[in-house]
Amino acid sequence: RADFAGRHVLLFFGYANCEAICSAAIPAMIETQDLLGPAGAGIDVVMITVDPARDTPEGLRQGLAKYGPGIIGLTGDEATLAPVWRGFHVSVTPVGQDPAGQPILAHGSFLFLLGPDGKVLTLLPPILPPERLATIIRGYLR
């Protein structure tokens with residue numbers, strides 16, 4: 001939390017190898033930050049993993065690199081992350097396996113806009129286009 005003190009945070013819970021909502025939400029977050037222009041520079045785009053077994057620091061670095069340098073990936077062990085997931089009402093449920101035999105995880109999909117004090121300002125559905133996300137977020141930056 002201290003790393004982001006005084007800054008807005010656009011937060012998402014996902015995993016680096018997710019081919020579902022994550023692969024849409026993460027690029028939308030980065031594009032939204034870009035659309036905000038200079039104001040976007042004051043927002044950190046952050047993804048907290050829901051898959052700590054695969055999203056090691058190196059796994060996150062490699063998995064998130066495909067989206068560009070603008071996203072901060074956070075990981076840890078499940079004991080550390082579980083209270084954070086609960087705090088944001090994010091449940092994580094294995095729902096199957098991908099063709100490589102890796103788990104597919106159902107998880108929360110909302111984007112959270114946090115204020116400089118770390119409190120949630122609003123929830124945003126990730127299905128909104130970046131232009132709409134930027135318009136909504138701009139209202140909280142004033």
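All values derive from a computational prediction rather than experimental measurement.

Cut-off values and rules
Residues numbered from 1 in each chain as written. Predicted model: local features only at pLDDT ≥ 70, side-chain atom pairs only at ≥ 80, totals over all residues. Heavy atoms only, no water. Salt bridge = Lys/Arg side-chain N within 4 Å of Asp/Glu carboxyl O. Buried < 20%, exposed > 50% of the residue type's maximum accessible area, 1.4 Å probe, protein only. Helix = DSSP H or I, 4+ residues; strand = E, 2+ residues; numbered from the N terminus. Pairing = 2+ DSSP bridges. Core = buried A, V, L, I, M, F, W, Y, C linked by side-chain atoms within 4.5 Å. Polar contact = N/O pair within 3.5 Å; in protein donor to acceptor, adjacent residues only side chain to side chain. Contact = heavy atoms within 4.5 Å. Axes fitted to C-alpha atoms, helices over the stretch in contact; angles between N-to-C directions. Parallel < 35°, antiparallel > 145°, perpendicular 65-115°, else oblique. Left-handed = near helix turned anticlockwise from the far one by under 90°. Nonpolar A, V, L, I, M, F, W, Y, C, P; charged D, E, K, R; others polar. Arc of directions from axis to C-beta.

1. Digging into the pattern of salt bridges
Note on pairing: side chains with opposite charge can pair once their charged atoms come close.
Item 1. Following the criterion strictly, the structure yields three salt bridges and no others.
Item 2. Here Asp51 ties to Arg54 by a salt bridge, and the two come within 2.5 Å at their closest N and O atoms. The pair Asp51 / Arg54 is uniform in exposure class, with both members buried.
Item 3. Here Glu58 makes a salt bridge to Arg61, at a shortest N to O gap of 3.0 Å. Separated by three residues within a single helix, Glu58 and Arg61 lie in helix α2 (residues 57–65), roughly one turn from each other.
Item 4. Relative accessible area serves as the criterion here: at 37%, Glu58 is assigned to the partly exposed category.

2. A closer look at the pairing of strand β5 (residues 103–106)
Item 1. Two elements, strand β4 (residues 93–97) and β5, share four bridges in a ladder whose sense is antiparallel. When the sheet's bridge partners are listed, Pro94 is paired in β5 with Leu105.
Item 2. The turn linking β4 back onto β5 is made up of five residues, and Gly101 within it adopts a positive phi angle of 85 degrees.

3. A word on the pairing of strand β7 (residues 120–124)
Item 1. As judged from the four bridges shared by strand β6 (residues 111–114) and β7, these two strands associate in the antiparallel manner. The residue bridging Leu114 from the neighbouring strand is Val120, located in β7.
Item 2. In this antiparallel pair of consecutive strands, β6 and β7, the connection spans five residues, and Gly118 shows a positive phi of 85 degrees.

4. Here we look at unusual backbone geometry
Item 1. Backbone geometry at His89 places phi at a positive 55 degrees, although glycine is not the residue there.
Item 2. If you trace the backbone, His89 turns up in the loop between α3 (78–87) and β4.

5. Focus on the nonpolar core
In a soluble, globular protein the nonpolar side chains are often hidden away together inside.
Item 1. One finds Leu11, Phe12, Phe13, Ile26, Leu64, Trp85 and Leu111 to be the most contacted residues of the largest nonpolar core, which totals 39 residues.
Item 2. With six residues, the single largest contributor to this core is helix α1 (residues 21–35).

6. Remarks on the side chain of His107
Item 1. With respect to the helices, strands and loops of the structure, His107 is situated in the loop between β5 and β6.
Item 2. A polar contact of 3.0 Å, which involves the side chain of His107, links it to the backbone oxygen of Phe13.
Item 3. Aside from chain neighbours lying at most four places away, what touches His107 is Phe12, Phe13, Gly14, Tyr15, Cys18, Ile21, Cys22, Val50 and Ser91.

7. Topic: the packing of α1 against helix α4 (residues 130–140)
Item 1. One can describe the packing of α1 onto α4 by two numbers: an axis separation of 8 Å at closest approach and a directional angle of 55 degrees. When the axes of α1 and α4 are compared, the pair comes out oblique. Both α1 and α4 take part in a crossing whose hand is right-handed. Contact with α1, carried on its side by Ala28, Glu31, Thr32 and Leu35, involves Pro130, Glu131, Leu133, Ala134, Ile137 and Arg138 of α4 and no other residues of that element.
Item 2. The class makeup of the residues in the contact of α1 with α4 is six nonpolar, one polar and three charged.

8. Quick word on α4
Since one α-helical turn is 3.6 residues long, residues separated by three or four positions face the same way.
Item 1. Buried within α4 are the following residues: Pro130, Leu133, Ala134 and Ile137. The buried residues of α4 occupy an angular sector of 100 degrees when projected down its axis, which confines them to one face.
Item 2. Packed against the buried residues of α4 are β1 (8–14), α1, β2 (43–49), β6 and β7.

9. Digging into the sheet that holds strand β3 (residues 71–74)
Item 1. Here five strands make up an open sheet; going across it, the order is β3-β2-β1-β6-β7 and the pairing mixed. One side of each edge strand has no neighbouring strand; the edge strands of this open sheet are β3 and β7. Each neighbouring strand pair of the sheet contributes to a mean axis angle of 25 degrees, computed without reference to strand direction.
Item 2. Sheet topology note: the β1/β6 ladder contains three bridges and is antiparallel. Paired with Leu11 across the bridge in β6 is Phe112.
Item 3. This element, α1, spans β1, β2, β3 and β6 of the sheet and lies at about 170 degrees to β1.
Item 4. Against the sheet, α2 touches β2 and β3, its axis set at about 150 degrees to β3.

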